[in-house]
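# Inside the fold
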Amino acid sequence: MDGKKLEYKGWAALKEIEKLTEKADEVQETILKAILMQNGDTEYLSKHMKGSKDVEKFKLHVPVITYKDVCNYIQRIANGENSSLVTGRRVTEMLCSSGTSAGEPKLMPSIAEDLDRRTFVYNLIMPIMNQYVPGLDEGKAMFLYFIKAEMSTPCGLPARTVLTSYYKSKHFKCRTRDAFNDFTSPDQAILCKDSNQSMYCQLLSGLVHRLQVLRLGAVFASAFLRAISFLERNWGRLCNDIRSGVLDPTITDPECRSCMSMVLASPNPCLADEIEDICSHTSWKGILCQLWPRAKYIEAVVTGSMAQYIPALEYYSEGKLPLVCTMYASSECYFGVNLKPLCDPADVAFTLLPNMCYFEFIHLGDNGTWLVNIDEEGEVPNDKLVNLVSVRLGSYYELVVTTFAGLYRYRIGDVLRVTGFHNKAPQFQFICRINVVLSIDNDKTNEEDLQKSITSAKKLLEPYDALLVEYTSYADTSSVPGHYVLYWEILHDSSFLDSSAELDFKLLQECCISVEEELDYVYRRCRAHDKSVGPLEIRVVESGTFEALMDFFIGQGASINQYKTPRCIKSNAALKLLNSHVKASAFSPRDPAWIP
């Protein structure tokens, strides 16, 4: 595609954003009418609307639901019953949730047109980025993408992650090739089912093209850091391949071997020596800029629980590469885009696109506070819902969607805060998942409060050149009273990826009490007054433990693309794994401050 056509394509995409957001209210009403027209005769909607396709009757009679309310319909379709149970279109596949936010994977019905909607969002990203970062058509993108082997439902429908669905679709494989979407990774490497072989080939391709790479990234920050760890362990083998022009024999996937034979067209000992010299350094601080000196930014999700990876990303880039978070999406639906991609990660806000689905919101609170104890499974009266253009600046909401594929007033479980508006469309900051909490007694600690308290406590490590790179938690009720357990992986600057240095016991105690002091009023009352919660414990685990935990969950069905370290562990097997790697522990030495 020539330059003028690309320029026009980008201009048209930005124009479409303006058109949609200027008439967000009208677009939303049109979308809801279209959904009801398409799906009004389904068993689910007929049960609630008695055959009507009227918008007002939908708002009056169709209840707000969670997965448990609709899973029976979905399972019936998975077993072979007609798609008309929930949608007027044929269900073409079931999309699996990541399996790490709510335990077991959930199946989401998907129709062919959903891929068009996802592709629409992807096609907005480069036109937005081009406004802020010039020259992205003058090089390549090293984006590390992975698929997961799909399963089948009893009736033969594919059951796979939303990203696997996209990468295996014609929308991705037959995409128009242009200078703004020139990836270092061959499609065959991305589509390899063996994640280790895929990672090896994608990193090898990125190193071969190191002087052409302008963009780095992965879907989630955690996946990108996993790639750095993989590179640290395997750079010697990768250099040998480049030096000899022959792919390592442990890469056995035929498609990978075929595509990599073209990447390794001839031996390149000079390039191998350059990479070897960089990777041999004792410290890997700033290594991303050394290996890929033309890189302009890192693209990955760094919001919500992913925010805790920001210090590590900044370490490896020496703070020279902006961290870009481009879009907001889930297995249920793609929601919106970040119109200011170079903003500070703490300020990332997503503009919801009113043509994606019909959006509604459950109001949770105002002025910097929200209802921590909201019940994810509790009933929500229909008249408590707020539409897209009626949300208020600064207020907190839970996202509710109605989709073409058969989800009606479905609670996504994300807490969002309104930070502004683009024309009539609201812009939201992702706060946390509602259902990630620790609780022993009356205390309820959500993901945001846990992260804030740990962010405060980890500052105590900085004078010791130590960095908290990963954490999770567990509500230990094996004794009375129960107590919070935090699993921390702590690494040192002197050997960032592999350190066995012992941490001072008193320092760990100080970290424990620092966390508790930052937790909410109810928790501190339970600890200091009611004595219904015991002292918080930090267990320090060996380097690499959280990679082993990721491998465990991938083995249980999670996707490497969508994997997010669970902030609260409920699996006995996962706890056993964590506890087998504990090398130090400490409890809070005193009660946190609490004033009645």
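- The chain goes by Indole-3-acetic acid-amido synthetase GH3.9 in an unreviewed UniProt entry, where it is assigned to Salix brachista.
- One UniProt comment on the chain, placed under Sequence similarities (unreviewed entry), says "Belongs to the IAA-amido conjugating enzyme family."

### Digging into unusual backbone geometry
- A positive phi angle is found at Lys 50, which is not glycine, with a value near 55°.
- Residue placement: Lys 50 occurs in the loop between helix 3 (43-49) and helix 4 (55-61).
- On the basis of relative accessible area, Lys 50 is assigned to the exposed category, the value being 72%.
- For Arg 409, which is not a glycine, the phi torsion comes out positive at approximately 50°.
- You can see Arg 409 is positioned in the loop between strand 14 (396-402) and strand 15 (410-422).

### Some details on the sheet that holds strand 14
- Pairing is antiparallel across the open sheet formed by eight strands, whose spatial order is 9-10-11-16-15-14-12-13. Strands at the two margins of the open sheet, each flanked by one partner only, are strand 9 (327-329) and strand 13 (385-387). Along the sheet, successive strands turn relative to each other by an average axial angle of 45°, direction set aside.
- Here strand 14 pairs with strand 15 via five bridges, running antiparallel. In the sheet register, Val 401 faces strand 15, and the bridge partner there is Tyr 410.

### So, the pattern of salt bridges
- Considering all chains together, one arrives at 32 salt bridges under this definition.
- The partner of Lys 59 in a salt bridge is Glu 29, and the shortest N-O contact between them spans 3.4 Å. Here Glu 29 lies in helix 2 (residues 24-39) and Lys 59 lies in helix 4, a separation of 30 residues in the sequence.
- Residue class for Lys 59 comes out partly exposed when judged on its relative accessible area of 21%.
- One connected set of salt bridges, linked through shared partners, spans Glu 93, Glu 150, Arg 160 and Lys 168.

### Some points on the packing of helix 16 (residues 447-457) against helix 17 (residues 505-518)
- At a minimum axis distance of 8 Å, the contact between helix 16 and helix 17 shows a crossing angle of 140°. Accordingly, the angle class assigned to the pair helix 16 and helix 17 is oblique. Classified by chirality, the crossing of helix 17 by helix 16 is right-handed. Counting all contacts with helix 16, which are made through Ser 453, Ile 454, Ser 456 and Ala 457, the residues of helix 17 involved are Cys 511, Ser 514, Val 515 and Glu 518.
- Taken together, the residues of the contact of helix 16 with helix 17 break down into four nonpolar, three polar and one charged.

### What about the sheet that holds strand 4 (residues 151-152)?
- Taken in spatial order, the four strands make up an open sheet running 2-1-5-4, and their pairing is mixed. With one partner strand each, in any of the chains shown, strand 2 (107-111) and strand 4 form the two edges of the open sheet.
- Pairing geometry for strand 1 (residues 91-96) and strand 2, over five bridges, is antiparallel. If you follow Val 91 over to strand 2, its bridge partner there is Ile 111.
- Along the sheet, helix 6 (residues 112-130) contacts strand 1 and strand 2; its crossing angle with strand 2, the most-contacted strand, is approximately 90°.

### Here we look at the nonpolar core
- Grouped together as the largest cluster of nonpolar side chains are 167 residues, with contacts concentrated most on Leu 216, Trp 292, Phe 359, Phe 361 and Leu 399.
- The element that contributes the greatest number of residues to this core is helix 11 (residues 221-244), accounting for 12 residues.
- Not counting residues within four places of it along the chain, the set of residues in contact with Trp 292 comprises Met 142, Gly 206, Leu 207, Arg 210, Val 213, Leu 216 and Leu 231.
- With 29 residues, the next largest nonpolar core counts Leu 450, Ile 454, Leu 461 and Cys 512 among its residues.

### Brief notes about the packing of aromatic side chains
- Overall, the coordinates contain 21 aromatic pairs when judged by the stated rule.
- Seen in terms of ring centroids, Tyr 145 and Tyr 167 are 5.1 Å apart; in terms of plane orientation they differ by 20°. Their pairing is stacked. Note that Tyr 145 is positioned in the loop between strand 3 (140-144) and strand 4 and Tyr 167 in helix 7 (residues 162-167), a separation of 22 residues in sequence.
- Tyr 167 sits in the buried class, given a relative accessible area of 3%.
- A network of ring pairs unites the aromatic residues Tyr 122, Phe 143, Tyr 145, Tyr 166, Tyr 167, Phe 172, Phe 183 and Tyr 334 as a single cluster.
- Here the guanidinium or amino end of Arg 175 rests over the ring plane of Phe 172, the centre of that ring lying 4.0 Å away.
- Over the ring of Tyr 471 we find Arg 567; its NZ or CZ atom is 4.4 Å from the centre of that ring.

### Focus on the pairing of strand 16 (residues 425-433)
- Within strand 16, nine of the nine residues are buried, leaving the element largely enclosed by the surrounding structure.
- Looking at chain direction, strand 11 (residues 350-352) and strand 16 are connected through two bridges and run antiparallel. Bridge pairing in strand 16 links Thr 351 to Gln 427.
- Relative to strand 16, strand 15 runs antiparallel, the two sharing eight bridges. Bridge assignment links Val 415 to a residue of strand 16, and that residue is Cys 432.
- Taking the residues that link successive antiparallel strands as the turn, the strand 15-strand 16 hairpin has two residues, and the phi of Asn 423 there is positive, at about 55°.

### A word on the environment of Lys 23
- With respect to the secondary-structure elements, Lys 23 resides in the loop between helix 1 (3-22) and helix 2.
- Take Lys 23: its relative accessible area is 46%, and that puts it in the partly exposed class.
- In this structure the C-alpha to C-alpha distance between Lys 23 and Pro 354, which are 331 residues apart in sequence, comes to 8.8 Å.

Reading the values: the criteria
Residues numbered from 1 in each chain as written. Predicted model: local features only at pLDDT ≥ 70, side-chain atom pairs only at ≥ 80, totals over all residues. Heavy atoms only, no water. UniProt positions renumbered as here; feature names shortened; annotations may be inferred. Helix = DSSP H or I, 4+ residues; strand = E, 2+ residues; numbered from the N terminus. Buried < 20%, exposed > 50% of the residue type's maximum accessible area, 1.4 Å probe, protein only. Pairing = 2+ DSSP bridges. Axes fitted to C-alpha atoms, helices over the stretch in contact; angles between N-to-C directions. Salt bridge = Lys/Arg side-chain N within 4 Å of Asp/Glu carboxyl O. Parallel < 35°, antiparallel > 145°, perpendicular 65-115°, else oblique. Left-handed = near helix turned anticlockwise from the far one by under 90°. Contact = heavy atoms within 4.5 Å. Nonpolar A, V, L, I, M, F, W, Y, C, P; charged D, E, K, R; others polar. Core = buried A, V, L, I, M, F, W, Y, C linked by side-chain atoms within 4.5 Å. Phe/Tyr/Trp six-rings, centres within 6.5 Å; stacked < 30°, edge-to-face > 60°. Lys NZ or Arg CZ within 6 Å of the ring centre and 35° of its normal.

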